[in-house]
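What follows is each chain in one-letter form.
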Amino acid sequence: AGLYEMGSTIKSFTTAMALDSGKVDMNSTFDARRPITIGRQTIRDFHGKGRILTLPEVFIYSSNIGSAREADVVGIEGHREFLKRLGLLDRMDTELPEVARPTEPPVWKKVHSITIAFGHGMSTTPLQTAVGAVALVNGGKLLQPTFLPRSQEEADAIGKQVISPQTSANMRYLYNLNATAPGGSGRRATVPGYRVGGKTG
């Protein structure tokens, strides 16, 4: 029932959105040499590298500037449509009545898209964030969550394709890279014998 600005975990969706748009790929680069100023807002990196970053580097270094530039490539309308497609902007239906309705700006402007790209300016529930993240790694299918038993066949029947299988494969790679690469923010989550991935936030 709780609504939160989900912070850097939302960068998962920003990177997936940029990849799924077809406007960038895993070799794309983003200029993170200087902060971005828009209106009264200045976007900085927490642990800035002060250089041009590859798309995987934007993800593993959790670059606010890089994430803002990823969103800018897609554009305001495409950004909102993607988050809606992943179920992050609508009230989620579950067997429980205690589910909050996410909040977003009444009118999206460029400053909103840029801040939402790194997880500020919209709020959603942790459950919706987790459900959306599952779609990023399971081949691209959004599954309505349930608190009751459900078979694999039932899940397959209700899954809605929201991103391409290739985007999902890329996201699995990036999540795993974040837990294994030098400088990755999730290295302490690695467990011998398991393929671990994730996004700090």
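Residue numbers here run from 1 along each chain, matching the order of that chain's written sequence. Under the rules for a predicted model, residues below a pLDDT of 70 receive no local features and side-chain atom pairs below 80 are neither given nor counted, while totals for whole chains, interfaces and linings still include all residues. To obtain the side-chain values, all non-hydrogen atoms of the structure were used and water was disregarded.

**Points about the overall build of the chain**
This is how the line gets drawn: The helix and strand labels rest on DSSP assignments: H or I over at least four residues marks a helix, E over at least two residues marks a strand, and numbering proceeds from the N terminus. Values of the radius of gyration come from C-alpha atoms, whereas the globule rule sets the reference at 2.2 Å times the count of residues to the power 0.38. Between buried and exposed lies partly exposed: a residue is buried under 20% and exposed over 50% of the maximum accessible area for its type, with that area taken using a 1.4 Å probe on protein chains only. By definition in these notes, contact holds between two residues if any of their heavy atoms fall within 4.5 Å. Residue burial considers only the protein chains on display, and all accessible areas are found by Shrake-Rupley using a 1.4 Å probe. When charges are tallied, Lys and Arg are placed among the positive residues and Asp and Glu among the negative ones, while His and the ends of the chain are skipped. One atom stands in for each charge, and that atom is NZ of Lys, CZ of Arg, CG of Asp or CD of Glu.
Looking only at helices and strands, the chain has 8 helices and 6 strands in total. Counting from the amino terminus, helix and strand elements in the chain follow one another as α-β-β-β-β-α-α-α-α-α-β-α-β-α. In summary, the chain has a C-alpha radius of gyration of 17 Å against a globular reference of 17 Å for 201 residues, a match within 12%. When the backbone C-alpha atoms are referred to their principal axes, the chain occupies close to 50 × 45 × 30 Å. In the chain, which comprises 201 residues, the share counted as buried stands at 47%. Long-range pairs, those at least 24 residues apart, make up 66% of the contacts in the chain between residues at least 6 apart in sequence. A total of about 10500 Å² of accessible surface is found on the chain, and carbon and sulfur atoms cover 53% of it. Charge separation in the chain, taken as the distance between the mean sites of 24 positive and 18 negative side-chain charges, equals 8 Å.

**Side note on the nonpolar core**
One broad trend across soluble globular proteins is that nonpolar side chains are buried collectively. Rules: By nonpolar core is meant a set of buried Ala, Val, Leu, Ile, Met, Phe, Trp, Tyr and Cys residues that side-chain atoms within 4.5 Å join together.
Phe 13, Phe 82, Leu 83, Leu 86, Leu 136 and Met 171 are the most contacted members of the largest nonpolar core, which totals 47 residues. Counting residues per element, this core draws most heavily on helix H1 (residues 11-20), at 5 residues. When residues no more than four places from it in sequence are discounted, the contact partners of Leu 83 are Phe 13, Leu 88, Leu 89, Trp 108, Ile 116 and Met 122.

**Notes on the packing of helix H6 (residues 126-137) against helix H8 (residues 165-180)**
Selection criterion: For helices, the fitted axis covers only the stretch in contact; all axes are lines through C-alpha atoms, and the angles between them, taken along N-to-C directions, range from 0 to 180 degrees. Each angle is binned into one of four classes, with values under 35 degrees roughly parallel, values over 145 roughly antiparallel, values of 65 to 115 roughly perpendicular, and all other values oblique. Polarity classes work like this: nonpolar for Ala, Val, Leu, Ile, Met, Phe, Trp, Tyr, Cys and Pro, charged for Asp, Glu, Lys and Arg, and polar for all others, with Gly in that last group.
In the contact formed by H6 and H8, the axes pass within 6 Å of each other and the chain directions differ by 105 degrees. Of the possible angle classes, the one that applies to H6 and H8 is roughly perpendicular. Seen from H6, the contacting residues are Ala 133, Ala 135, Leu 136 and Val 137; seen from H8, they are Ser 168, Met 171, Arg 172 and Tyr 175. Looking at side-chain class alone, the contact of H6 with H8 contains 6 nonpolar, 1 polar and 1 charged residues.

Coordinates in, geometry out; function isn't part of it.
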